[in-house]
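Listed below are the residues making up each chain.
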Amino acid sequence: ATFTASGSTENVTLQWTEPSLYDDGALLPHTDIAFYEILWGRSSSNLELLAQINGHDTHQYVVENLSLGEHYFSISVTTVHGTKSNQSNIITKVLN
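The shown structure was predicted, so the numbers you read here are calculated from the model rather than taken from an experiment.

Caption draft 1: Up close: the sheet that holds strand S6 (residues 69–79). On the basis of which strands lie adjacent, the open sheet formed by four strands has the order S4-S3-S6-S7 and antiparallel pairing. Pairing within the sheet leaves two strands with one partner each, and these edge strands are strand S4 (48–54) and strand S7 (91–95). The sheet shows a mean angle of 25° between the axes of neighbouring strands, taken without regard to direction. Relative to S4, strand S3 (residues 33–41) is paired through six bridges, and the arrangement is antiparallel. Bridging from a neighbouring strand, Phe35 pairs with Asn54 of S4.

Okay, structure coming up:
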């Protein structure tokens, strides 16, 4: 799965691809995805829940009205069985 951020002043569009494997390498059917959690912070070491995206069909989220400076984002997935994935790599978006 990939996770990217694009955008300009005040707004950032986050996009991701649906994971196909559990963290242990087992196949992850898309119907097993219950929701995605998007984490955000002004520091890469202090991320908090920004949004929960239900279902497996959504692969984009727009964050609006952000202040100038560095913003850090990460994503994780939770399955219908309650299994939560590891957090993705943290991506940085600088708004100026």
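Caption draft 2: Highlighting the environment of Thr92. Structurally, Thr92 can be placed in strand S7. Relative accessible area serves as the criterion here: at 42%, Thr92 is assigned to the partly exposed category. Put simply, Thr92 and Gly41 are 51 residues apart on the chain and 9.7 Å apart in space, counted from C-alpha to C-alpha. Apart from the residues lying within four places of it in its own chain, the contact partners of Thr92 are Glu70, His71 and Tyr72.

Caption draft 3: Layout of the side chain of His56. Mapped onto the elements of the fold, His56 is located in the loop between S4 and strand S5 (60–63). On the accessibility criterion, His56 (18% relative accessible area) is buried. Contacts of His56, omitting those with residues within four sequence positions, involve Glu18, His30, Thr31, Ile33 and Tyr36.

Definitions and cut-offs
- Residues numbered from 1 in each chain as written.
- Predicted model: local features only at pLDDT ≥ 70, side-chain atom pairs only at ≥ 80, totals over all residues.
- Heavy atoms only, no water.
- Pairing = 2+ DSSP bridges.
- Helix = DSSP H or I, 4+ residues; strand = E, 2+ residues; numbered from the N terminus.
- Axes fitted to C-alpha atoms, helices over the stretch in contact; angles between N-to-C directions.
- Buried < 20%, exposed > 50% of the residue type's maximum accessible area, 1.4 Å probe, protein only.
- Contact = heavy atoms within 4.5 Å.

Take it as geometry only, folks, not as evidence of what the structure does.
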